[in-house]
Amino acid sequence: MVNQPDPQNKETSEWQGVIDNPWRRLRQFTDARIGLGRSGVSLPTRELLEFQLAHAQARDAVHTPLDFATLTSALEKLAQEFSILNKERPALVHSQADDRLVYLQRPDLGRRLSEDSRQVLIKKQQTPEKPFDLTIVIADGLSATAIAENALPFIRALAQGMAQENDNISLAPITLVEQGRVAIGDDVGELLNARAVLVMIGERPGLSSPDSLGLYLTWAPQRGLTDDKRNCISNVRKAGLSYTEAVRKLLYLLHEARRLQCSGVAIKDRSDDSVIGNSSGQTSFLITSGGQG
Amino acid sequence: MSKTYRYTLGSRQWEFSSLKELMARATPARSGDRLAGVIARSAEERAVAQMALAEVPLKDFLNEALIPYEDDEVTRLIMDDHNSMAFAPISHLTVGDFRNWLLSDHADSAMLARVRDGITPEMAAAVSKIMRNQDLILVAQKCRVTTAFRNTIGLPQRLSTRLQPNHPTDDMNGIAASILDGLLYGSGDAVIGINPATDNVAQATRLMKLMDEVISTYEIPTQSCVLTHVTNTMECMENGAPVDLVFQSIGGTEATNSSFGFNLNTLAEAQQMALELKRGSVGNNVMYFETGQGSALSANAHHGVDQQTCEARAYAVARKFNPLLVNTVVGFIGPEYLFDGKEIIRAGLEDHFCGKLLGVPMGCDVCYTNHAEADQNDMDNLLTLLSAAGCSFVMGIPGSDDIMLNYQTTSFHDALYVRRVLGLGASPEFEAWLEKMQIMSDAANARLTDALPPAFASSLKSLPVGNHDAEQKHG
């Protein structure tokens, strides 16, 4: 009797490897993890390990302490390049959240300055006779990576933008906050007698964006303000919103805040009105090119 | 009004100043209750509170509102809609006996359906606090909640998926790419639901049209939803946009809901408008709600009630409007409410149990953020446990990575894994479609075809060959 190959048997005995998805090329339209392929119904090894790496980077962004010493000296050096920047050495202060574990579970403590830090800023407060127009606060937030990678180039772009606008804005010394949330800028701004505060903070890291910087502008900062009093610019990073775009938006908001003497929902970000509506088409490749074939 | 609950253990007497406090102290530990300052102050206090809670008659929950009737329309809804006929078979029980009753063979699916309208969210929350994870799974699995629009969701041994094709700029082709990926992995029978990046009426309408065209072109037995504010969707309907399901995030207190910008009348009006569109083919469940422990506290609207009880009260809001889907987005809110994988898993099982016991078509966004102490293994655990418990649906997203909302939820692959392991099908109408389109050769066993399904091949053929083609070759 001739041994006929059994197709069923062949399928199980000769493994064909991972099944690729030909629609992976649709990644030209999105950063979503489409077309990953499969082994059976499971993720191929390569895709599994790539995911683990991205998650590890996001976790590290949350848990690695920010190197404030390096940032401080880099900021001091930058202040020598731009006359608009305050020459005073940045102050390093701390929230009431003692460590990362407390910080993650008690957002209320991350929003308030520790008593020692308040005293540090109260001493500084006596220096200026008239209020500063803007104070910049840099807080680690949920991503030290975001600050380490973006804080310096963003402030450089901001200083360039302000120099071009020639607005004569007076800047307070920069304040660096350890274990800080956005609202801690209210404490700092109030103590430093600033008309407005810009908080630069590491945003909650996404799997594909562990390095996202958030910008929050608040007019007339004082303790107890709610989030509707702030304007936010999000996703500032190399692969996201560019520094120059972010500066353009921020200077627009700052200009409006100074004109209207307020910030938050009262100011609409109309800096991109011209873009809305024509950024992408009204339909998709799924309809235009086919349908039921 | 509120009375003091006492429990004597040995020579020590413990006191709880109200039912609300007793419930909070009896709750398994989680960071949100700690943040709110209502958590048990010691492990012993929690265990004692559970013993004291077990002795509370279910009837007490009808006499002592945790949030005053006069102050809160959700309390009024719960009290006014309570069905005493349905309550009769369990009206003599304490919370502790209620657990025994639920686990007993006497409480079969028919009996659980019979008493459903006699159970208040507070009763469900109370009993859940003295149940172990396996109890929550076993009882939920006996509860049957079936809903329908263009397909049927919640049948025994079925697990549906919401296809969630989010894109950070709502790019039409980007969204379509994720929809195609999902469909070709057999996802999307619960709903194709987009969280818009730009949240306004014009954008919602564009996205509704996109999904409506895909669903009608490929004759998919499913429904679409843009997860925008209920008032936006109402405006879309007034303008004639193709609205299948009306979405809203809901909470368990009136103050939470007003912080979300709606009240019960708004939902009633929206439901009525959607029903009048008559777009469902096999059913009329037109609402899609999302919930999640911690939302009331986050809106500072919790009245000192623990977060799990607030969450269960949201299901009273949901069941009033006969939703197709209710989704507890369990790990999205962050570690200040649910700290780690253990707390997220417990909360997911509690929410699913309470929802099903109250008659809500409960699904779960099995998810976590990168600042929570959780990872993919925790999600595998919760997905498997919920699927064993008969969860109605889970999310489906390319490679677990939501690039718009920046969190991780279950992938298309994950759903197929659990369907294979537990022998679960998709909704029957959708399964038939998957086979008709040659996406699956054997849908009952979650077996995908290896070749590209012909109906979708032509859409791909006309596309330019991008740089990413090189990536395919890794094998």
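Quick note: structure is the one above.
Residues numbered from 1 in each chain as written. Chains lettered and ligands numbered in written order. Predicted model: local features only at pLDDT ≥ 70, side-chain atom pairs only at ≥ 80, totals over all residues. Heavy atoms only, no water.

Colleague: Looking at this structure, I do not really get empty space enclosed by the protein. What am I missing?
Modeller: If you roll a probe as big as a water molecule over the atoms, it shows you where there is empty space left. Residues and elements named next belong to chain A. Scanning the entire structure with this criterion turns up 7 cavities of 30 Å³ or more. Taken as a whole, the largest cavity spans an internal volume of roughly 90 Å³. A per-element tally of the lining of the largest cavity places helix α3 (residues 68-81) first, with 4 residues. Across the lining of the largest cavity, the residue classes tally to 8 nonpolar, 1 polar and 4 charged. (1 Å grid on protein atoms, 1.4 Å probe; cavity = no way out; pocket = protein on both sides within 12 Å on 5 of 7 lines; lining within 4 Å. Points joined across faces, edges and corners; volume = space filled by probe spheres on them. Helix = DSSP H or I, 4+ residues; strand = E, 2+ residues; numbered from the N terminus. Nonpolar A, V, L, I, M, F, W, Y, C, P; charged D, E, K, R; others polar.)

Colleague: It is not clear to me how the nonpolar core should be interpreted in this structure. Could you clarify?
Modeller: Grouped together as the largest cluster of nonpolar side chains are 164 residues, with contacts concentrated most on L26 of chain A together with F98, W101, W433 and F456 of chain B. The contact partners of F456 of chain B, leaving out residues within four places of it in the chain, are L286 of chain A together with L180, L183, L184, Y218, W433, M437 and I439 of chain B. Residues L78, L85, F154 and I174 of chain A belong to the second largest nonpolar core, which totals 44 residues. (Core = buried A, V, L, I, M, F, W, Y, C linked by side-chain atoms within 4.5 Å. Buried < 20%, exposed > 50% of the residue type's maximum accessible area, 1.4 Å probe, protein only. Contact = heavy atoms within 4.5 Å.)

Colleague: Just to check I follow, could you spell out the interface of chain A and chain B for this structure?
Modeller: One frequently used descriptor of interface size is the decrease in accessible area upon assembly of the parts. With 60 residues of chain A at the interface, the matching set in chain B holds 74 residues. Of the roughly 5900 Å² buried at the junction of chain A and chain B (both faces included), carbon and sulfur atoms supply 57%. Its largest share of buried area at the contact with chain B, chain A owes to R25, V41 and R204 of chain A, together 14% of the area lost on that side. Counting across the chain A and chain B interface gives 21 residue pairs in polar contact (both at pLDDT 80 or more). A total of 8 residues in the side of chain A that touches chain B trace back to one element, the largest contributor, which is helix α2 (residues 45-63) of chain A. For the side of chain A that touches chain B, the per-class residue count stands at 23 nonpolar, 23 polar and 14 charged. (Buried area = accessible area lost by both parts, 1.4 Å probe. Polar contact = N/O pair within 3.5 Å; in protein donor to acceptor, adjacent residues only side chain to side chain.)

Colleague: I would appreciate a short explanation of the sheet that holds strand β4 (residues 196-202) of chain A in the present structure.
Modeller: Strand pairing within a sheet occurs via backbone hydrogen bonds; the two strands may be parallel or antiparallel. Residues and elements named next belong to chain A. Strand order in the open sheet formed by 6 strands is β1-β3-β2-β4-β5-β6, with mixed pairing between adjacent strands. The two strands at the open ends of the sheet, each matched to only one other strand, are β1 (91-94) and β6 (230-236). Direction aside, neighbouring strands of the sheet carry axes that sit 20 degrees apart on average. The pairing of strand β5 (residues 213-219) with β6 spans 5 bridges and is antiparallel. Each residue of the ladder has a partner; that of L217, found in β6, is N231. Sheet strands in contact with helix α7 (residues 144-165) are β2 (135-139), β4, β5 and β6, and its direction is about 145 degrees off that of β4. Strands in contact with helix α8 (residues 184-191) are β2, β3 (175-178), β4, β5 and β6; relative to β2, the strand with the most contacts, it is inclined by about 145 degrees. (Pairing = 2+ DSSP bridges. Axes fitted to C-alpha atoms, helices over the stretch in contact; angles between N-to-C directions.)

Colleague: Mind showing me how you'd approach the packing of aromatic side chains here?
Modeller: The description of an aromatic ring pair rests on the distance of the ring centres and on the angle between the ring planes. With the rule as written, the count across this model stands at 9 aromatic pairs over all chains. Pairing F29 of chain A with F285 of chain A gives two aromatic rings, centres 5.6 Å apart and planes at 10 degrees, and the pair type is stacked. Taken together, the residues span a long stretch of sequence, with F29 of chain A in the loop between α1 (7-13) and α2 and F285 of chain A in helix α10 (residues 285-288) at a distance of 256 residues. Ring pairing ties together the aromatic residues W23 of chain A together with Y185 and F412 of chain B, which thus form one cluster. Its end group placed over the ring of F332 of chain B, R204 of chain A keeps NZ or CZ at 5.3 Å from the ring centre. One residue, R12 of chain B, lies across the ring of W14 of chain B, its end atom 3.8 Å from the ring centre. (Phe/Tyr/Trp six-rings, centres within 6.5 Å; stacked < 30°, edge-to-face > 60°. Lys NZ or Arg CZ within 6 Å of the ring centre and 35° of its normal.)

Colleague: When you look at a nonpolar patch on the surface in this model, what are you seeing that I'm missing?
Modeller: A cluster of nonpolar residues, L43, L48 and L49 of chain A, forms a patch on the protein surface that exposes about 240 Å² of accessible area. Here L49 of chain A shows up in helix α2. (Patch = residues over 30% accessible without salt bridge, like charges linked within 9 Å, V, L, I, M, F, W, Y side chains within 5 Å. Areas by Shrake-Rupley, 256 points an atom, 1.4 Å probe, with all protein chains shown as cover. Salt bridge = Lys/Arg side-chain N within 4 Å of Asp/Glu carboxyl O.)

Colleague: How should I be thinking about the environment of I220 of chain B in this particular structure?
Modeller: All names here are of chain B. Structurally, I220 is set in the loop between α12 (201-217) and β7 (224-226). With relative accessibility at 3%, the residue I220 sits in the buried group. Sequence spacing of I220 and F430 is 210 residues, and the spatial spacing of their C-alpha atoms is 7.3 Å. Setting aside residues up to four positions removed in sequence, I220 forms contacts with L183, V214, I215, F430 and W433.

Colleague: Is there a simple way to think about the packing of helix α13 (residues 230-238) of chain B against helix α15 (residues 264-277) of chain B in this case?
Modeller: Between two packed helices, the angle of one axis relative to the other and the distance separating the axes together describe the packing. Residue and element names in this part refer to chain B. Two numbers describe how α13 lies on α15: the axes approach to 10 Å, and their chain directions differ by 30 degrees. The orientation of α13 relative to α15 falls into the category roughly parallel. α13 and α15 meet at a crossing whose hand is left-handed. Mapping the contact onto sequence places V230, T231, M234, M237 and E238 in α13 and T266, L267, E269, A270, M273, A274 and L277 in α15. When its residues are assigned to classes, the contact of α13 with α15 shows 8 nonpolar, 2 polar and 2 charged. (Parallel < 35°, antiparallel > 145°, perpendicular 65-115°, else oblique. Left-handed = near helix turned anticlockwise from the far one by under 90°.)

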